[in-house]
Amino acid sequence: MSKGLKAVFARIRGSLRRRTFEADLDEELEAHLALLAERFVRRGLTPDEARSAARKQFGGVSQTKNALRDRSRFRPLETVLQDSAYVLRQFRRSPLFAITSILTLALGIGANTAIFTLVDQLILRLLPITDPQQVVALVGQGQFYGDNMGANPLSYTMYQTIRDRNRVFSQMMCRRPISFTAAVHSESEVLSGELISGNYFPLLGIKAAAGRVFDSNDDLRPNANPVAVLSYAYWKSGFAGGQVVGRTLLVNNYPLTIIGVSQPGFNGLEPGLSTQLFVPIMMTPALFPNSDFSRMFDARLRWVNVYGRLKPGLTLAHAKAGLQPLFHEILQTEIRQTGFAHATPYDKRQFLKMWLNVLPGGQGNTRLRQQYEKPLWLLAGVTGFVLLIACANLASLLAARAVVRQKEIAVRLAIGSSRARIIQQLMTESLLLALAGGLAGIGLAIVMVKSLLTFLPGNSTDYAISSSPDLPTLSFALGLSLLTGFAFGMIPALQAACPDIADTLKAKAASVTGGASQINFRKLLVAAQITLSLLLLIGASLFIRSLANLHSVNPGFQTRNLVQFDMDLGSIGYGRPRANAFYNQLETRLQRLPGVESAGIATERVLADIDWESAVRVEGREDKPGDAPHAYINRVSPGFFKTLGIHLLSGRVFRQSDTPDSPKVVVVSESFAKYYFGQQPAIGHRIGRGFDPSTPMDMEIVGVVNDIDYQDLREKASRQLYLCAPQGYNLDVTVYLHVKGNPRSALAAARRLVHEMEPKAPVTRLKTVEHQLEESLVTERMIASLSTVFTMLAVALAILGLYGVMAYMVTQRAREIGIRVALGPRPRASCGL
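Residues numbered from 1 in each chain as written. Predicted model: local features only at pLDDT ≥ 70, side-chain atom pairs only at ≥ 80, totals over all residues. Heavy atoms only, no water.

Participant: With reference to specific residues and values, describe the overall build of the chain.
Facilitator: Along its length, the chain carries 26 helices and 23 strands. Across the 833 residues of the chain, 49% fall into the buried class. If you take every contact in the chain between residues at least 6 apart in sequence, the share linking residues at least 24 apart comes to 81%. Carbon and sulfur atoms make up 57% of the accessible area of the chain, which totals about 38900 Å². (Helix = DSSP H or I, 4+ residues; strand = E, 2+ residues; numbered from the N terminus. Buried < 20%, exposed > 50% of the residue type's maximum accessible area, 1.4 Å probe, protein only. Contact = heavy atoms within 4.5 Å. Areas by Shrake-Rupley, 256 points an atom, 1.4 Å probe, with all protein chains shown as cover.)

Dropping the structure here:
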C-alpha cells in the first residue's frame, strides 16, 4: 500500500476514533508544555513563571489543536458525521415529521423493491452456472414437417448429429422438462423434473452437494443407467437433508438409484420454477413406454431443448454462421428418409428453408418469463409512479419546512457559513431520511413479495422464488434510496440556501410563506401528485374493467358446481388397453357416487393454456400450397359433454358402444363445421388426423357441439375436434365431476374410489373449475389487484402531501389571520366560510 493511501486511512481512523484522538491530543500537548516548563525551571524560573513562559513560547493551544486535527482527520468524513449528528437531533425535536417521511419513503421504496425482486429473479438474472454468457440455445426456425412438443424444441437425433459434428461448441447438452410420479415415504408424489443428457451438469458447471452428478457415461444406451439426481432444495424439503445416496426411488413405477444431490442454488433451467428430480434422458423408453416420448429417436418428433457452450473467442454470430451448413446438410438427409415418403413438393421446399437460430441461453428456458414479463414491467411502472408521488410529497414537506428554518439559515449565512455548507447539511438530512426509508422499505418488500407469490397458481414448492433480500435486491434498494434522497432533497435545499438575508433577519419571513418561487414550486409539486394519481386511477379502472369483461365472457360450458382432478396411469406402468378398461369403469362408478350428478374424462384440461394441435385432412377438400388445415384436439369420454354442459347441435355424442373394434367416430365444434363445410351438414363426412397427404380419412363425424374457449378466455373459440376416448384413452387424463353440495366432499369421495380401484394411482390438481378459471386469468387478476392497491397508496400519499403543505401554509399565515381577525372580520369569514 502506498504512503498516500496509508495516510488517508490513518486520517479516516482518526475521524472515527474522535474521543480517543482528543484524549491523546490533550495528553500529548500537556506533555510538550511540561517539558518546556521544566526547561525554564532549570534556568531559574519559579514553576508558575515557567508554565507561563512555556505557554507563550508554545503559542495558541486551540490553534495548534485545530491544525493537528486538520492533519490527523479525514475532514469530509468528519463533516458528514457532524451533519448526521445534527440532523438526528433535529429528528428528535420533530419526531412526527421524521416518522411520516420515513413511512412515506418506505412505502414507495418497498413497493419498487418488491417488484424488482420478481423482475430480477424471473426476467433479468442469469442462471447460477459457470460463465452463463457462453451458453446458447439452439432453435429451429421455419416450417417443420412433423410433430412439435413444447417450446423451441429440436429432435433428439438432430441434437446428436450437431453434438458430434459441430465445430463451434466445446460441449452440448439437451433436456426435457417433465413431471414424474414417485413413491416417496410410501406415498405417491408428483415431482417436477427434467430428462437430461449426460453432459448437462458438466456443461453448466454444476457440482454435487452429495454423491455425484451425471456425466457422459450415464448417457450411452437406452435404459442402461437407472439413476437419478435430486435438487438440493428438494433434498432438504423432501428428505430433510438426510442420507439419500444409494437409496432406491420408484419413479413412474420404475426403480431408480439416487446417486447424488446437485449443488445449492441450482433449480434447473426454468427460472422461477423448482426442478426436483433429474433423470438421464436415455431412461425415457423405460419411464414413458406408452407415450409419444417413447419415440425419442424419431426425427419427425421435436421434443428436446438443446444448449451449447461456445468455444473461447466465438460469438453468437460466429456460431450461427458456422452451424447453418451442417443444419442444412441434416435437412437434406432427413428429406430422403421414409418420413417424407408422402410429403408434397411444397412441404419439402418449406422444410428445406428452415434455419438454425442461436440465442443467448444463460437465462434458461422462459415459460414463467413469457407469462409474467409484461405484467411485471407494467407493475414496475406503476410502483415507479408511486415513488414519484412519494418524492413530490417529501419535497413539498421539506420546502415548507425550509420556510420555518429561514431565519436560522439566514443567521448562519450572516456569520460566515457558506451556501455550499448549508446545502450539504440539508442534503444530509434528505439522504438520511431516504436511507431510513429504504431500510424500512426492505422489510416491507419481504412482506409484499410473499403476498405477490400468492397470485401464482399451484403450490409454493413449485416455485424457486425467494422473498429474502439478496445482494442484487439490497443494491437496488440502496441505489434507489440514494437517488430518491437526491430527487426530493436537492431543489428544496437549493431554495433554502438562498434566502434574502436582510429581509429575513428583519423578521419579515415570519409573516409570509416563502418567496414566490417557493410557493410556485410547492404548487407544482401538488399538481404533479394529483396528476400522477389521476393517471394511476384511470389505469387501474381500465385494468379492473378488463378483468370484469373477461369474467363476463361465456366460455361455452358451465363452471359452477364443476370439479376436476388429474390422473396418469402411465406413470405406474399401465398400457393403453388396461387404461381403457380402468377409465371406462371409473367413469361409470363415479356417476354413482353420492352428490355426483355426472362425470366425464378428457385428455386436455380446459382453460389451462395447454393445447394439443394437429393437422387434419378433410374429405372432399383440396389443400392448396401453403394451406395447413388444423384443429385443436381433445380425447373425451361419453359423459364429458353432459358434465361440462356443452350443447349438442346436431347428430350425437359418444357412447360406450363406441369401442376400439367399432368404426372410429369424432365430434366437431360448430366453428370447425362452418370452416370446412360451410352451410352443408357436417354429419357423415370423414376426416383424418395427420400432416402427411396420405393420411387415411378413417374417422366419421357423428356430432356437432357448440364452441368453447379451449385454452383461455382471451382468445376467440377455435376449431375443435373431439376424439372418442373409449376407442383409445390417453394414459394421462383430467376427470370432471358435476356435483351438488360440497365440492370438497365429492373430491374426497372420488379420491377414495380411485384408490380403491388402484392404490398406486396418483390423483393430483384437485380443484374446482371456477378455481381453474381464476388461474387462467392470473395475470389480469394480478395487474388489476396490485395496480388498485398501489393506486390507493399513491392517492393516500398525494392526500397526505396536500394536507401537509396546506397545514404548513396555514401555520405560516397565522399572524396574518390573527391581524385580520383583530381588525374586525368574523373568524368564519377569515377562514373563507
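Participant: I'd like a description of the environment of A319, backed by residues and values.
Facilitator: Its location among the elements puts A319 in helix α11 (residues 316–334). The class for A319 is buried, based on a relative accessible area of 0%. Through-space distance from the C-alpha of A319 to that of V358 is 7.1 Å; in sequence the pair is 39 residues apart.

Participant: Before we move on, could you go through the nonpolar core and cite the residues and values that matter?
Facilitator: One finds L138 and W303 to be the most contacted residues of the largest nonpolar core, which totals 60 residues. A per-element tally of this core places strand β3 (residues 169–184) first, with seven residues. Residue contacts for L138: discarding those within four places in its chain leaves N152, L154, I162, F169, M172, V306, L323, L356, N357 and V358. Grouped together as the second largest cluster of nonpolar side chains are 34 residues, I115, Y463, V778 and F790 included. (Core = buried A, V, L, I, M, F, W, Y, C linked by side-chain atoms within 4.5 Å.)

Participant: Requested: an account of the pairing of strand β4 (residues 187–196), with residues and values cited.
Facilitator: Bridge analysis of β3 against β4 gives ten bridges, and the strand direction is antiparallel. Paired with V184 across the two strands is E187, which belongs to β4. Sheet analysis places β4 next to strand β9 (residues 277–280), joined by four bridges and oriented parallel. Bridge pairing in β9 places I196 opposite P280. (Pairing = 2+ DSSP bridges.)

Participant: Run through the packing of helix α14 (residues 406–414) against helix α15 (residues 419–453), naming residues and quoting values.
Facilitator: It is the contact of α14 with α15, at a shortest axis distance of 10 Å, that shows an interaxial angle of 140 degrees. Classified by the angle between their axes, α14 and α15 sit oblique to one another. In this structure, α14 meets α15 at a crossing whose hand is right-handed. Contacts from I409, R412 and L413 of α14 reach α15 at R419, I422, Q425 and L426. Here the residues of the contact of α14 with α15 sort into four nonpolar, one polar and two charged. (Axes fitted to C-alpha atoms, helices over the stretch in contact; angles between N-to-C directions. Parallel < 35°, antiparallel > 145°, perpendicular 65-115°, else oblique. Left-handed = near helix turned anticlockwise from the far one by under 90°. Nonpolar A, V, L, I, M, F, W, Y, C, P; charged D, E, K, R; others polar.)

Participant: Describe the packing of aromatic side chains, naming the residues involved and giving the relevant values.
Facilitator: Per the counting criterion, the structure on display carries 25 aromatic pairs. Plain terms: the ring middles of Y200 and F278 are 5.8 Å apart, the flat faces sit at 45 degrees to each other, and that makes the pair tilted. Of this pair, Y200 sits in helix α8 (residues 200–204) while F278 sits in strand β9, and the two are 78 residues apart along the sequence. Among the residues examined, Y200 registers a relative accessible area of 0% and is labelled buried. In this structure an aromatic cluster arises from ring pairing among Y200, F201, F214, F266 and F278. The ring of F144 is capped by R302, whose NZ or CZ atom sits 4.3 Å from the centre of that ring. Over the face of the ring belonging to Y574 we find R578, whose NZ or CZ atom lies 3.8 Å from the ring centre. (Phe/Tyr/Trp six-rings, centres within 6.5 Å; stacked < 30°, edge-to-face > 60°. Lys NZ or Arg CZ within 6 Å of the ring centre and 35° of its normal.)

Participant: So, a negative patch on the surface: which residues are in play, and what are the values?
Facilitator: On the surface, a cluster of negative charge is made up of D609, D611, E613 and E715. Residue classification places D609 among the exposed positions, given a relative accessible area of 53%. (Patch = residues over 30% accessible without salt bridge, like charges linked within 9 Å, V, L, I, M, F, W, Y side chains within 5 Å. Salt bridge = Lys/Arg side-chain N within 4 Å of Asp/Glu carboxyl O. Lys, Arg positive; Asp, Glu negative; His and termini not counted. Charge placed at Lys NZ, Arg CZ, Asp CG, Glu CD.)

Participant: For empty space enclosed by the protein, give the residues involved together with the corresponding values.
Facilitator: Tallying each qualifying case throughout the model produces five cavities of 30 Å³ or more. Its volume calculated, the largest cavity comes out at about 110 Å³. In terms of lining residues, the largest cavity is bounded by L398, R401, A402, R405, I409, L426, E429, S430, G489, P492, A493 and A496. Mapped by element, the contributors of at least two residues to the lining of the largest cavity are α13 (367–404), α15 and α16 (471–496). If one sorts the elements of the lining of the largest cavity by residue count, α16 sits on top with four residues. (1 Å grid on protein atoms, 1.4 Å probe; cavity = no way out; pocket = protein on both sides within 12 Å on 5 of 7 lines; lining within 4 Å. Points joined across faces, edges and corners; volume = space filled by probe spheres on them.)

Participant: Outline the pattern of salt bridges, listing residues and values.
Facilitator: Tallied over the full model, the rule gives 19 salt bridges. For the salt bridge of R175 with E194, the shortest nitrogen-to-oxygen distance reads 3.2 Å. Taken together, the residues R175 in strand β3 and E194 in strand β4 connect sequence positions 19 residues apart. Relative accessible area serves as the criterion here: at 0%, R175 is assigned to the buried category.

Participant: So what's going on with a nonpolar patch on the surface? Residues and values would help.
Facilitator: Together, I530, L534, L537, M792, L802 and M806 line one region of the surface with nonpolar side chains, adding up to about 510 Å² of accessible area. Counting only elements with at least two residues in the nonpolar patch, the list comes to α18 (516–552) and α24 (778–812). Within the element layout of this structure, L802 appears in helix α24. On the basis of relative accessible area, L802 is assigned to the partly exposed category, the value being 34%.

Participant: How would you sum up the packing of α15 against α16? Please name residues and give values.
Facilitator: Geometry of a packed helix pair, given as the angle between the helix axes and the separation of the axes. Interaxial distance between α15 and α16 falls to 7 Å at its minimum, and their mutual angle equals 150 degrees. α16 is crossed by α15, and the crossing has right-handed handedness. The class makeup of the residues in the contact of α15 with α16 is 18 nonpolar, five polar and no charged.

Participant: Lay out the pairing of strand β8 (residues 254–262) with the relevant residues and their values.
Facilitator: A regular strand places its side chains on the two faces of the sheet in alternate fashion. The pairing of strand β5 (residues 208–211) with β8 spans three bridges and is classified as antiparallel. In the sheet register, G211 faces β8, and the bridge partner there is G260. Direction of pairing for strand β6 (residues 227–230) relative to β8: parallel, over a ladder of four bridges. Paired with A228 across the strands is I258, a residue of β8. For strand β7 (residues 248–251) and β8, the ladder comprises four bridges, and the chain directions are antiparallel. Paired with L250 across the two strands is P255, which belongs to β8. In sequence, β7 turns back onto β8 through a hairpin of two residues, with N252 there showing a positive phi of about 50 degrees.

Participant: I'd like a rundown of the confidence of the model for the chain, residues and numbers included.
Facilitator: When the pLDDT values of the chain are averaged, the result is 84; 88% of them are 70 or greater. Every residue in residues 508–513 is under pLDDT 50, and counting partners more than four places away or in other chains gives 16 contacts. (pLDDT = per-residue confidence, 0-100.)

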